[in-house]
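Examining the three-dimensional arrangement
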Amino acid sequence: MHVAIIMDGNGRWAARRGLRRSAGHQAGAKAVRRIVEAATRGPVDVLTLYAFSSDNWSRPPHEVATLMRLLKRYLQSEVARCVENGVRLNVIGRRDRLSPDLVRIIERSESVTAHCDKLILQIAVDYSSRDSIVRAAGACGGAARDRERFAAAVAAAMHSKAGASCVDLLIRTGGERRLSDFLLWECAYAELVFVDEYWPDFDERAFEAALAEFYRRERRFGGLPGPASKRAGDAR
Ligand code: FPP
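Here's a quick rundown of the structure. Not measured: the values here are computed from a predicted model. (Residues numbered from 1 in each chain as written. Predicted model: local features only at pLDDT ≥ 70, side-chain atom pairs only at ≥ 80, totals over all residues. Heavy atoms only, no water.)

**A closer look at the overall build of the chain**
For the chain, the helix and strand inventory stands at 7 helices and 8 strands. Computed over its C-alpha atoms, the radius of gyration of the chain comes to 18 Å, within 12% of the 18 Å expected for a compact globule of 236 residues. Counting all 236 residues of the chain, 50% fall into the buried class. Here the contacts in the chain between residues at least 6 apart in sequence split such that 73% fall between residues at least 24 apart. Put simply, the chain shows about 11600 Å² of open surface, and 51% of that area lies on carbon and sulfur atoms. Taking the average location of the 38 positive side-chain charges in the chain and that of its 30 negative ones, the two points are 3 Å from each other. (Helix = DSSP H or I, 4+ residues; strand = E, 2+ residues; numbered from the N terminus. Rg over C-alpha atoms; globule rule 2.2 N^0.38 Å. Buried < 20%, exposed > 50% of the residue type's maximum accessible area, 1.4 Å probe, protein only. Contact = heavy atoms within 4.5 Å. Areas by Shrake-Rupley, 256 points an atom, 1.4 Å probe, with all protein chains shown as cover. Lys, Arg positive; Asp, Glu negative; His and termini not counted. Charge placed at Lys NZ, Arg CZ, Asp CG, Glu CD.)

This is the structure:
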C-alpha cells in the first residue's frame, strides 16, 4: 500500500505558540520520525512525504535554509535506524538546484539503505508533479503508448525507486483541501483524507485513524458498486 502525505501546518503550529516558523519545522521533523516508525509497523510499503515543493523556493532564504538543514540532519541521523527497520530511503525531485553537500548526503543514504525492503520512504524535495509529467513526456518522445510505461517514466523523471506505484491513500494535514502539485499522475485513484491537525501534532493515533478511514472506503475505479468493486486495501 502506498501512502502519501502533504505535511502542512508547521508554520501555523508555531504561530499559535508564539514561536518562529523554524520551530514549527523542527517539530515537524519529529513528527516525520514518529510516522515513519508507525508506517513500518503497518501495511504500508511505500510512504511518500512532501518536504519541499519546487514552489517553496519562493519562501524567505532563512526558512529555505532551515528546511534544507533539517533534511540533511534527518538523512544523516536516521540512516542507521532505517537499515535496522528495513527502510529504503529515496529522495524524489530535482537535484540540480540542491547544494552538492546535500546531494552527497542523499546519495549516501540511498546507497546505504538500497538493500532494505520493508518500506520505501520517499521524501519529496524540490518536487513538482507537473515537472515530472513534462519530463516524462519529453523522455518518451511521443512513444509512450501505454500507461504503465509512462508511469515508470514519470517516476524515473524524479529519481523514484518505487517505480510505477499508484498512491492508495493521500493524507493532507493542516486543514487545506488541495493537492499542491503533488503526485498528480500517481493519485489518479487515491483515496483523499484531509485532517485539520497541524503536521507537528499528527501522531500514531491520527495516522491509524486515517488508515481506518481508508479501509472504510469502497474503491470502484470507475466501476459500479457491488461485488465487482474492491474494498480499500485489496490488491489491484
Ligand atoms: C508545510 O507547512 C511544511 C513544509 C513546507 C515543510 C515540511 C517539512 C518538515 C515536516 C520538516 C523537515 C522534513 C523532513 C523530512 C525531515 P507550512 O510551513 O506551509 O505551514 P503553514 O501552512 O502553517 O504556514
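Moving on from the coordinates now.
**Quick word on the environment of glycine 11**
Along the chain, glycine 11 turns up in helix H1 (residues 10-16). Residues glycine 11 and glutamate 204 lie 193 residues apart in sequence; the distance between their C-alpha atoms is 21 Å.

**Things to note about the sheet that holds strand E2 (residues 46-53)**
If you trace the 6 strands from one edge of the open sheet to the other, you get E3-E4-E2-E1-E5-E6, paired in parallel fashion. Because the sheet does not close on itself, it has two edges, and the strands there are strand E3 (87-92) and strand E6 (191-194). Recorded for the sheet is a direction-independent mean angle of 20° between the axes of neighbouring strands. With 4 bridges joining them, strand E5 (residues 169-172) and E6 adopt parallel strand pairing. (Pairing = 2+ DSSP bridges. Axes fitted to C-alpha atoms, helices over the stretch in contact; angles between N-to-C directions.)

**Considering unusual backbone geometry**
In the Ramachandran plot, histidine 159 falls in the positive-phi region, its phi being about 65° despite a non-glycine side chain. Relative to the helices and strands, histidine 159 is located in the loop between helix H6 (147-157) and E5. Look at serine 180: it is not a glycine, yet its phi comes out positive at around 50°. With respect to the secondary-structure elements, serine 180 resides in the loop between E5 and E6. Look at serine 180 and you get partly exposed, because its relative accessible area is 31%.

**Focus: the site of the ligand**
Taken together, the neighbourhood of the ligand is formed by 17 residues, with Met7, Asp8, Arg12, Arg21 and Arg59 sitting nearest. Within the side chain of arginine 21, an N or O atom sits 2.8 Å from an oxygen atom of the ligand. When contributions to the shell around the ligand are tallied by element, the ones reaching two or more residues are H1, helix H2 (21-40) and helix H3 (61-85). Per-element accounting of the shell around the ligand gives the leading share, 4 residues, to H2. Grouping the constituent residues of the shell around the ligand by class yields 7 nonpolar, 6 polar and 4 charged. (Near = heavy atom within 4 Å. Polar contact = N/O pair within 3.5 Å; in protein donor to acceptor, adjacent residues only side chain to side chain. Nonpolar A, V, L, I, M, F, W, Y, C, P; charged D, E, K, R; others polar.)

**A closer look at the environment of tyrosine 215**
Within the fold, tyrosine 215 resides in helix H7 (residues 204-216). Sequence spacing of tyrosine 215 and leucine 169 is 46 residues, and the spatial spacing of their C-alpha atoms is 9.8 Å.

**Things to note about the packing of aromatic side chains**
Here a ring pair, both rings aromatic, is described through the centre-centre distance and the interplanar angle of the planes. Taken as a whole and judged by the stated rule, the model has 8 aromatic pairs. Their ring planes at 75° and their centres at 4.9 Å tell us that phenylalanine 52 and tryptophan 57 sit as a pair that is edge-to-face. For the pair phenylalanine 150 and tryptophan 185, a centre-to-centre distance of 4.9 Å together with 65° between the ring planes defines the contact as edge-to-face. One end of the pair, phenylalanine 150, is in helix H6; the other, tryptophan 185, is in the loop between E5 and E6, with 35 residues separating them in the sequence. Note on phenylalanine 150: relative accessible area 12%, which makes it buried. (Phe/Tyr/Trp six-rings, centres within 6.5 Å; stacked < 30°, edge-to-face > 60°.)

**A look at the pattern of salt bridges**
Applying the stated criterion across every chain yields a total of 24 salt bridges. Linking arginine 12 and glutamate 176 is a salt bridge whose minimum nitrogen-to-oxygen distance equals 3.9 Å. Taken as a pair, arginine 12 in helix H1 and glutamate 176 in the loop between E5 and E6 lie far apart in primary sequence, 164 residues in all. Close ionic contact of arginine 217 with glutamate 213 constitutes a salt bridge, the shortest N to O distance being 2.7 Å. What you see here is one network of salt bridges that share partners, running through Asp168, Glu191, Glu213, Arg216, Arg217 and Arg219. (Salt bridge = Lys/Arg side-chain N within 4 Å of Asp/Glu carboxyl O.)

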